[in-house]
Amino acid sequence: MKDKQYKVSMEAIKKKLEEPHIVEDCKRNPDEEIIKLINDVGKPLETDVWIYRTVVAALSLTLVCCVIGAIFLQVNEKKTPELLTGLGTGALGALAGLLAPSPSRN
C-alpha cells in the first residue's frame, strides 16, 4: 500500500470517516479497510459533478461565442477567421464526446 498512490477527495474521506464503524474497522485492519474506503469514496472526476458541469459550460460558452462571432462577421461582410471556425468545431466535438453515452462493457 505504501508504494501505490491514490487520488481521492479529502473532503469525501473526512465525511466517510465520521461514521463510527468505519474508524473502528480501520483500527482493526488498516491496510484492507483504507483501500476499501478509498474505493468506496471514488475518484474526484467520478464523484464531483461540478468538474463536469464546469467543462460543459466552458465548452458551450466557447461554441456560442464562436457562432455569434461568425454571424456578426458575416453580417458586416467580413471573412470569418479560420481560428474562429477551428475553436467552434473543436468545442462542438468536445461537447459531443462528453455528452455522448459511453459504450457499456458487459
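Calculation criteria
- Residues numbered from 1 in each chain as written.
- Predicted model: local features only at pLDDT ≥ 70, side-chain atom pairs only at ≥ 80, totals over all residues.
- Heavy atoms only, no water.
- Helix = DSSP H or I, 4+ residues; strand = E, 2+ residues; numbered from the N terminus.
- Buried < 20%, exposed > 50% of the residue type's maximum accessible area, 1.4 Å probe, protein only.
- Axes fitted to C-alpha atoms, helices over the stretch in contact; angles between N-to-C directions.
- Left-handed = near helix turned anticlockwise from the far one by under 90°.
- Contact = heavy atoms within 4.5 Å.
- Nonpolar A, V, L, I, M, F, W, Y, C, P; charged D, E, K, R; others polar.
- Parallel < 35°, antiparallel > 145°, perpendicular 65-115°, else oblique.

Some points on unusual backbone geometry
Argument step 1. If you check the backbone angles, glutamate 77 has positive phi at about 55° while not being a glycine.
Argument step 2. In this structure, glutamate 77 sits in the loop between α5 (49–75) and α6 (82–99).
Argument step 3. Judged by its relative accessible area of 75%, glutamate 77 is exposed.

Section: the packing of helix α1 (residues 10–17) against helix α3 (residues 30–41)
Argument step 1. Here α1 crosses α3 at 115°, and the two axes come no closer than 10 Å. As for the relative orientation of α1 and α3, their crossing is right-handed in sense. Each of Ala12, Ile13, Lys16 and Leu17 in α1 lies in contact with α3, whose residues at this interface are Leu37, Ile38, Asp40 and Val41.
Argument step 2. Here the contact of α1 with α3 is built from residues that sort into 6 nonpolar, no polar and 2 charged.

Topic: the packing of helix α2 (residues 20–28) against α3
Argument step 1. Their axes nearest at 6 Å, the elements α2 and α3 cross at an angle of 140°. By the angle between their axes, α2 is oblique relative to α3. Crossing hand, α2 versus α3: left-handed. Every residue of α3 that contacts α2 at Ile22, Asp25, Cys26, Lys27 and Arg28 is listed here: Pro30, Glu33, Ile34 and Leu37.
Argument step 2. Of the residues assigned to the contact of α2 with α3, the class counts are 5 nonpolar, no polar and 4 charged.

Shape is all these values report; function is a separate question.
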